[in-house]
Amino acid sequence: MTPVLTQHPATAHAPHIRDDMTVEVALSLMAGARVDHLVLCDGDDQSTGVVTLARLTVLRDAPTYTDRVRLRDVREW
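All values reported here derive from a predicted model rather than from experimental measurement.

How each quantity is defined
Residues numbered from 1 in each chain as written. Predicted model: local features only at pLDDT ≥ 70, side-chain atom pairs only at ≥ 80, totals over all residues. Heavy atoms only, no water. Helix = DSSP H or I, 4+ residues; strand = E, 2+ residues; numbered from the N terminus. Pairing = 2+ DSSP bridges. Axes fitted to C-alpha atoms, helices over the stretch in contact; angles between N-to-C directions. Parallel < 35°, antiparallel > 145°, perpendicular 65-115°, else oblique. Left-handed = near helix turned anticlockwise from the far one by under 90°. Contact = heavy atoms within 4.5 Å. Nonpolar A, V, L, I, M, F, W, Y, C, P; charged D, E, K, R; others polar.

**Q** Break down the environment of Asp45 for me, with residues and values.
**A** Relative to the assigned elements, Asp45 resides in the loop between strand S2 (37-41) and strand S3 (47-52). Residues Asp45 and Asp19, 26 residues apart in the sequence, show an inter-C-alpha distance of 9.7 Å.

**Q** Please set out the pairing of S3 residue by residue, giving values where relevant.
**A** With five bridges joining them, S2 and S3 adopt antiparallel strand pairing. What sits directly across from His37, in S3, is Thr52. Two successive antiparallel strands, S2 and S3, enclose a turn made up of five residues, where Asp45 displays a positive phi of approximately 60°.

**Q** Describe the packing of helix H1 (residues 23-33) against helix H2 (residues 53-60), with residues and values.
**A** Helix-helix packing is characterised by the crossing angle of the two axes and by the distance between the axes. Where H1 meets H2, the axes come as close as 11 Å, and the angle between the chain directions of the two elements is 140°. By the angle between their axes, H1 is oblique relative to H2. Both H1 and H2 take part in a crossing whose hand is left-handed. Counted together, Val23, Glu24, Ala26, Leu27 and Met30 of H1 and Leu53, Leu56, Leu59 and Arg60 of H2 form the full contact between these two elements. Residue classes in the contact of H1 with H2 are distributed as seven nonpolar, no polar and two charged.

Treat this as a map of the structure, not an account of what it does.
Printed below as a string of structure tokens:
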């Protein structure tokens, strides 16, 4: 029997992006696509998590934020 991979319904239609994208670019993409979350993928295009508009907005408003922060760094904030 072959295993079947499924996605959570909330992420099935969300844009899948690489985790090396900057927060600024991700926010712009979310605005253009009119979505409130993105599915993060690693270099092998494997899903590594989800990032939300709310989380990125809080991050962008933090005093330590710079426009060079990449999505893979979001977990450290």
